[in-house]
Amino acid sequence: MKNYRICVIWGLAILAVVLSPIILIFSIPLAIGIGVDIFDFAGEVPFALALCAPAAFVLLRRVSPRALVRQLAAAHLRPRLPA
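Here the structure is a predicted model, which means the values were calculated and not measured. (Residues numbered from 1 in each chain as written. Predicted model: local features only at pLDDT ≥ 70, side-chain atom pairs only at ≥ 80, totals over all residues. Heavy atoms only, no water.)

Draft legend 1. Representation of the overall build of the protein in the model. Each helix and strand in the protein was counted, giving 3 helices and 0 strands. Overall, the protein shows an N-to-C arrangement of helices and strands of α-α-α. Counting every position in the protein, which comprises 83 residues, the buried fraction comes to 2%. For the protein, the exposed surface amounts to about 8000 Å²; the carbon and sulfur share of it is 75%. (Helix = DSSP H or I, 4+ residues; strand = E, 2+ residues; numbered from the N terminus. Buried < 20%, exposed > 50% of the residue type's maximum accessible area, 1.4 Å probe, protein only. Areas by Shrake-Rupley, 256 points an atom, 1.4 Å probe, with all protein chains shown as cover.)

Have a look at this one:
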């Protein structure tokens, strides 16, 4: 019974590795299509922007321009130790 469980786990892992690129390839055009449909269905730009604003806010919070500038400045101004 132990061997059967290990084979099932390996089979599922291989299946996930094989299917993940396919899912990624099809999910990007699907997301773009959904976004275009939202803008097309809304008709008014402010309403569509209100629907998309939370997603943009999350993405901008993850990659904060201020934090990036702060990290670059800290790396540039950090004193270099002699080798």
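Draft legend 2. Quick look at helix α3 (residues 65–77). Here α3 is 13 residues long and its end C-alpha atoms lie 18 Å apart, about the 18 Å a rise of 1.5 Å per residue gives. For α3, the tally of buried residues reaches only 0 of 13 residues, placing the bulk of the element at the surface. (Expected span 1.5 Å × (residues − 1).)

Draft legend 3. Here's a closer look at the confidence of the model for the protein. Looking at the protein, the pLDDT average stands at 77 and 76% of residues meet or exceed 70. Per-element confidence in the protein is highest for helix α1 (residues 2–42), whose mean pLDDT is 83, and lowest for helix α2 (residues 45–62), whose mean pLDDT is 70. (pLDDT = per-residue confidence, 0-100.)

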